[in-house]
Amino acid sequence: MATTVEALIDGGKATAGPPLGPALGPTGVNTAQVIAKINEKTNAFEGMKVPVKVVVNDDKTFDIKIGTPPMSALVKSEMGLASGSSNTRTTKVADMSVEQAKKIATMKEDSLLGATLKARVLEVAGNCVSLGVTIDGKEPKVFQKDVKAGMYDDQF
């Protein structure tokens, strides 16, 4: 029967110490190999907490599933923000480019519902509403309408 170890680690900085080391030790798997693989897969999320699931099989092989940080954390990281706006109606904290929105949509691809990049960028824009971040100089809801109207089709 496979054993599953779940932990929240700093992207690209997993160590053999707690929480992973003590949990992986009893499984008999090569902890150093597991840690190296986790760090390789989480490098893109440096500076963020990343959920990690390690499934150790009976034959000591392992599979690593990397969750992605919440979208708000990705937006804040991409924009260099400590926090979102305290009043999103009146205070805008950053302006995201369409390229940045596409980058975040790609990072979250596995956990978003949108079937196309365009649909996933609309989801990113929806998240920007609650953070007080504009996209391409526009309110996120205006940006979404423009995307749906085809004004950005040349970028998808």
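A brief look at the structure comes next.

Rules used in this analysis
Residues numbered from 1 in each chain as written. Predicted model: local features only at pLDDT ≥ 70, side-chain atom pairs only at ≥ 80, totals over all residues. Heavy atoms only, no water. Core = buried A, V, L, I, M, F, W, Y, C linked by side-chain atoms within 4.5 Å. Buried < 20%, exposed > 50% of the residue type's maximum accessible area, 1.4 Å probe, protein only. Helix = DSSP H or I, 4+ residues; strand = E, 2+ residues; numbered from the N terminus. Contact = heavy atoms within 4.5 Å.

Examining the nonpolar core
No. 1: Grouped together as the largest cluster of nonpolar side chains are 26 residues, with contacts concentrated most on Val75, Met96, Ile104, Val124, Cys128, Val133 and Phe143.
No. 2: Listing elements by their share of this core, those giving two or more residues are α3 (71-79), β4 (94-96), α4 (98-107), α5 (117-131), β5 (133-135) and α6 (140-148).
No. 3: If you tally residues by element for this core, the top one is α5, at six residues.
No. 4: Discounting residues that sit within four places of it in the chain, Phe143 has contacts with Val98, Val121, Ala125, Ile135, Asp136, Lys138 and Tyr152.
No. 5: Grouped together as the second largest cluster of nonpolar side chains are 14 residues, Val5, Ile35, Ile38 and Ile64 included.

Section: the environment of Asp154
No. 1: Structurally, Asp154 can be placed in the segment after α6.
No. 2: Between the C-alpha atoms of Asp154 and Pro140, which are 14 residues apart in sequence, the distance is 19 Å.

So yeah, pure geometry; function would need other evidence.
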